[in-house]
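Per-entry structural report
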Amino acid sequence: MNKHIQGIGMTSQRTRDRLVDRLRAEGIQNERVLEVIRTTPRHMFIDEALAHRAYEDTALPIGQGQTISQPYSVARMTEIIIENGIPDKVLEVGTGSGYQSAVLARLIPKVYTVERINGLLIKARECHRALRLNNIFAKHSDGSWGWPEKAPYPAIMVTAAPEHVPESLLEQLSVGGRMVIPVGTVSGAQKLKLITRTDSAYEEQTLNAVKFVPLLDGSIR
Ligand code: SAH
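So, a few notes on the structure that sits alongside this text.

Conventions adopted
- Residues numbered from 1 in each chain as written.
- Predicted model: local features only at pLDDT ≥ 70, side-chain atom pairs only at ≥ 80, totals over all residues.
- Heavy atoms only, no water.
- Salt bridge = Lys/Arg side-chain N within 4 Å of Asp/Glu carboxyl O.
- Helix = DSSP H or I, 4+ residues; strand = E, 2+ residues; numbered from the N terminus.
- Buried < 20%, exposed > 50% of the residue type's maximum accessible area, 1.4 Å probe, protein only.
- Pairing = 2+ DSSP bridges.
- Right-handed = clockwise from strand over helix to strand, strands pointing away.
- Near = heavy atom within 4 Å.
- Polar contact = N/O pair within 3.5 Å; in protein donor to acceptor, adjacent residues only side chain to side chain.
- Areas by Shrake-Rupley, 256 points an atom, 1.4 Å probe, with all protein chains shown as cover.
- Nonpolar A, V, L, I, M, F, W, Y, C, P; charged D, E, K, R; others polar.
- Axes fitted to C-alpha atoms, helices over the stretch in contact; angles between N-to-C directions.
- Contact = heavy atoms within 4.5 Å.

Side note on the pattern of salt bridges
Within the structure shown, the criterion is met by 11 salt bridges. Residue Arg24 is joined to Glu31 by a salt bridge in which the shortest nitrogen-to-oxygen separation is 2.7 Å. A salt bridge links Asp47 to Lys123; the nearest nitrogen and oxygen atoms lie 3.9 Å apart. Of the two residues, Asp47 sits in the loop between helix H2 (31–39) and strand E1 (60–63) while Lys123 sits in helix H5 (residues 118–130), which places them 76 residues apart along the sequence. The class of Asp47 is partly exposed, set by a relative accessible area of 46%. Each of Asp17, Glu35 and Arg38 takes part in a single network of salt bridges with overlapping partners.

Some details on the pairing of strand E4 (residues 110–115)
The buried count for E4 comes to five of six residues, which makes it a mostly enclosed element. As paired elements, strand E3 (residues 89–93) and E4 share five bridges and run parallel to each other. Bridged to Val93 within E4 is Val114. The parallel pair E3 and E4 is bridged by helix H4 (residues 99–105), and the resulting crossover is right-handed. Alignment of E4 against strand E5 (residues 136–140), held across five bridges, turns out to be parallel. Across the sheet, residue Glu115 finds its bridge partner in E5, namely His140. Handedness of the crossover joining E4 and E5 through H5: right-handed.

Concerning the site of the ligand
Around the ligand sit 26 residues in total, of which Ser97, Glu115, Asp142, Gly143 and Leu216 are the nearest. In this structure, Ser97 approaches the ligand through a side-chain N or O atom, which is 2.6 Å from an oxygen atom. A distance of 2.5 Å separates a nitrogen atom of the ligand from a polar backbone atom of Leu216. Taking 580 Å² as the accessible area of the ligand by itself, protein coverage stands at 99%. Contributions of two or more residues to the shell around the ligand are made by strand E2 (66–68), H4 and E4. Looking at the shell around the ligand, the element that brings in the most residues is E2, giving three residues. Residue composition of the shell around the ligand, by class: 10 nonpolar, 12 polar and four charged.

Re the pairing of E3
With five of five residues buried, E3 is to be regarded as a mostly interior element. Taking every second residue as pointing to the same face, both faces of E3 are buried, with Lys89, Leu91 and Val93 on one and Val90 and Glu92 on the other. Of the pairings in the sheet, the one linking E3 to strand E6 (residues 153–158) comprises three bridges and is parallel in character. Bridging from a neighbouring strand, Val93 pairs with Val158 of E6.

Considerations on the sheet that holds E5
Ordered in space as E5-E4-E3-E6-E7-E8-E9, the seven strands form an open sheet in which the pairing is mixed. At either end of the open sheet lies a strand with only one pairing partner, and these are E5 and strand E9 (202–210). Between one strand axis and the next, the sheet turns through 15° on average, direction left out of account. Sheet analysis places strand E7 (residues 173–184) next to strand E8 (residues 190–197), joined by seven bridges and oriented antiparallel. The residue bridging Pro182 from the neighbouring strand is Leu192, located in E8. Contacting E4 and E5, H5 runs over the sheet at an angle of about 165° to E5.

A few points about the environment of Glu115
Positionally, Glu115 belongs in strand E4. Separated by 20 residues in sequence, Glu115 and Thr95 place their C-alpha atoms 5.1 Å apart. Glu115 has contacts with Gly94, Thr95, Gly96, Leu120, Leu121, Lys139, His140 and Ser141, leaving out every residue within four places of it along the chain. In terms of polar contacts, Glu115 uses its side chain to reach the backbone amide nitrogen of Thr95, at 3.3 Å.

Here you go:
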């Protein structure tokens, strides 16, 4: 780690505390989630040039036209995933910077994550290694297909928005499991949805409006 990043590391505890105060004011209530956000170095997942903005409650570019999600979304989606207790594993679709997977890995025993852009995946893995998060398993593939070999999942979190919920992800959800997913178009409105699988059906709840990059079909790169 170079001096620049270390410097930010030393001063960032105060700014991280301020971010947590803000998330609390915006309605995040789960103390375990807030504590993980308070102690996870988001600046490590962002390019040096933008690292000074790491503890603002905003999405930031991470290259390849992608973004690290807004801390509020990370906190809210994590809170929803663990609301009924801690699942033994979670599938994340859209590794991106790896920040969301790092937050999940500090709460959930096993985190499986898939990303279609290999360049992003390589950087995310480096951050996970530096933070000694050995319970994150990351794969380069099209996440619309999930990660069938490790299914079923009691929890699935999708961090890019499809226009419709992919069938494969529904199939890979355990009975009793929950999936949190933004649905909609990039230009139009996107809504965060919570899908719960029961014995015989999928129950869908529509939550707040959100803004995510699109879940792209097909090719990986
Ligand atoms: N969870 C990330 C958010 C990254 S933005 C973070 O904490 O930084 C969403 C990511 O989803 C992007 O990196 C994008 O490349 C990825 N993505 C988009 N479509 C995908 C697909 N079909 N399969 C896997 N990843 C996809």
